[in-house]
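# Residue-level structure breakdown
Spelled out, the chains give:
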Amino acid sequence: MVDTTDNGFRAAIQSLREVVLPAVDPTHPMAREQIALVIDWLEFQRLRNPQLADRQRAELAANLRIARAVDALGLALAEADLPVTVARGDALLAAPAATYPELLAAREAVEEALSHAVLLAAALPAEDRAAVEQLVIAGSAPVVALQRAWFLPYGLEADPAAIPSLADALVTAAEEPR
Amino acid sequence: MSKMDQQLRDAPTSEFIDRLRARYQVEPELDAMLTRKLARRAGARMVMPDLETLAECVRAMLRETLDAPFELTDPRWLSGGASKLQMCFTLDWQPTAGPRRKADLVVRMEPAESLNASSRQREYDLLTALAGTIPVPETLWVDAEGRWFPEPALIYGFSRGIGKPSLGSRTVVTGLGTEYGERLRALLAPQFVGLLGKLHAFPHETARLDSFSRPPVGTDQTARWQLDRTRRVWAEDAGGPFPLMEVAANWLERNLPVLDVASIVHGDYRAGNFLFDEDTGEITAVLDWERAYIGDRHRDLAWSSSRVVGHNDADGSFLVCGLVPEDEFHARYEAASGLPVIPETLRWYGILNRFQQIQTVLGTAYRIVRLGLTHQTILVTRLEAAAYIFAEELRQALASDTKW
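This is a predicted model, so every value here is computed, not measured.

Here we take up the sheet that holds strand β11 (residues 318-320) of chain B. Residue and element names in this part refer to chain B. The antiparallel open sheet is built from three strands, whose spatial order is β10-β11-β12. Looking along the sheet, the strands with just one partner apiece sit at the ends: β10 (311-312) and β12 (324-325). Judged from the two bridges that link them, β10 and β11 form a sheet pairing that is antiparallel. Each residue of the ladder has a partner; that of His311, found in β11, is Leu319.

See the structure below:
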């Protein structure tokens, strides 16, 4: 049975470009500019839609690694509830049927716990605080790289050639570094 | 982010607002703007006015402001810009002093909520003070409280010039990654740097800028105000958690710099925020002064150097705003301003700026699109892509720091 999602994107893009845009008042530059941006956005979503779940899965995996490392420091961060959040995230990551909304919610929960841990760490001795913060800084690298690869088609990067491919960025974020 | 947090940000309670006001210390004028923003948010919606409606607002204002008859014709939209609504029109009127005039003017108005909560009165006061020193639009009238317009608005002269070259721009939004080419680069770069130097050396102490707070020199007050401003807006608007932002906030709090010289800070000085004559290469106007304040010049210096608004030249060297190599930018600025570039302070503001840029695109941009509060939702949505360029700059700056 055919999946028509991609066709829907194509139809919307063609409709705007070939029917709507030519009918827009040429003296209304904001309207014309916005239709062009909507077309651009739809083309981007069409390109990335098949990999939405892959992206969330990879982000969740990378954030879980940071959370495990921070928890392993054994500091006074109980209020951040890292162990419970990590356990839930791990279980979801291991579930092949995990849906996109579930992965998104789990990823946000881990980030929320990490943010809380960093806030709590500000009151710890300098060495302990630095250990937590540096784990977040280093561990964020693959997550940020993944986002830059994801949004590369928007053309905002000063040096696009320096950004890894989306496929490579997904693998790097998803997997434990060797 | 919990559902409750999203609900609080979408429809702030007075307790939520008061909690943020107590926790984060900002300039009094900014406190008023941010408090107003949140107090209105639950009931606010962007209703895009048509040209005739806006034109009628102008007429209503001028009927009460001018003594002699006037004629407003040819209202038309100005495109570009992610923040304010702008309409151009032709006015034939009798000024208070001098001969009758006919000129193209611009109405610049807030949407229901924009990327930056800012004051049209402050913008009006500053442009009036800078006229004759920096090329700025001629300011004429201000509706600071939204008496005649749906939202606060400013009317100023239409400045001739373009924001990006007629050929060679790589993106839709003016200013991001603008390619000027060799000829224009050689003409624009000295002016770009020179005007920044002039602005920072401007004698603001004697200018009429009552709506601006003046941070004391020799303290960290201005840095603290800027940090708390960003933290407050992040708390008000954030779409989701971002642990790296909390790390940055901690670092910024621990390393606040002391102010050596108080300057007028543009707040968004970059390619795309000035107009120029493509034939002569003359900068005809510096625009978008809504973020301006009195504070530390390093804020502007670091802002102009953001990777998102520059690009590499053919040899791979980074050009600040696509105009001047980074290693020359500071030297030329010091010569133009007579003010030193202090590396430690520049570094702090570089990190603050990335922190603020992420707050803008993942916080405020997210919130105003979600609630439909701007006329540029589809343009503002696109800005998310820039967040992670800023995030990597932030991450690397923090990673390389030794002040742990």
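Once that is clear, we can look at the packing of helix α7 (residues 221-237) of chain B against helix α11 (residues 343-370) of chain B. All names here are of chain B. Viewed as axis vectors pointing N to C, α7 and α11 meet at an angle of 25°, and their least axial separation amounts to 9 Å. The angle between α7 and α11 places the two elements in the roughly parallel class. Relative to α11, α7 is oriented so that their crossing is left-handed. When α7 is examined against α11, the residues Thr222, Ala223, Gln226, Leu227, Arg229, Thr230, Arg231, Val233, Trp234 and Asp237 are found in contact with a partner set consisting of Trp348, Tyr349, Leu352, Phe355, Gln356, Ile358, Gln359, Leu362, Gly363, Thr364, Tyr366 and Arg367. For the contact of α7 with α11, a count of residues per class yields 11 nonpolar, seven polar and four charged.

The next point concerns the state of the cysteines. The bond known as a disulfide is covalent and runs between the sulfur atoms of two cysteines. Residue and element names in this part refer to chain B. Inspection of the entire model under this criterion finds zero disulfides over all chains. Of the cysteine sulfurs around Cys57, a residue in no disulfide, the closest is that of Cys88, at 16 Å. Accessibility expressed as a relative area gives 1% for Cys88, which makes it buried.

All names here are of chain B. All chains considered together, the criterion is met by 50 salt bridges over all chains. Across the pair Glu123 and Arg108 runs a salt bridge, and its minimum N-O distance is 2.8 Å. Of this pair, Glu123 sits in helix α5 (residues 120-130) while Arg108 is found in strand β3 (residues 101-109), placing the two residues 15 residues apart along the sequence. Ionic pairing is found between Glu179 and Arg185, a salt bridge with its closest N-O pair at 2.9 Å. A relative accessible area of 27% means that Glu179 is categorised as partly exposed. Among the ionic contacts, a cluster of salt bridges with common partners joins Arg21, Asp31, Lys37, Arg41, Glu113, Arg232, Glu236 and Asp237.

As a further point, take the confidence of the model for chain A. Of all residues in chain A, 99% attain a pLDDT of 70 or more, and the chain-wide mean is 94. Within chain A, the element-level pLDDT minimum falls on helix α2 (residues 29-48) of chain A, averaging 93, and the maximum on helix α7 (residues 141-150) of chain A, averaging 97.

About the cut-offs
- Residues numbered from 1 in each chain as written.
- Chains lettered and ligands numbered in written order.
- Predicted model: local features only at pLDDT ≥ 70, side-chain atom pairs only at ≥ 80, totals over all residues.
- Heavy atoms only, no water.
- Pairing = 2+ DSSP bridges.
- Helix = DSSP H or I, 4+ residues; strand = E, 2+ residues; numbered from the N terminus.
- Axes fitted to C-alpha atoms, helices over the stretch in contact; angles between N-to-C directions.
- Parallel < 35°, antiparallel > 145°, perpendicular 65-115°, else oblique.
- Left-handed = near helix turned anticlockwise from the far one by under 90°.
- Contact = heavy atoms within 4.5 Å.
- Nonpolar A, V, L, I, M, F, W, Y, C, P; charged D, E, K, R; others polar.
- Disulfide = S-S within 2.5 Å.
- Buried < 20%, exposed > 50% of the residue type's maximum accessible area, 1.4 Å probe, protein only.
- Salt bridge = Lys/Arg side-chain N within 4 Å of Asp/Glu carboxyl O.
- pLDDT = per-residue confidence, 0-100.

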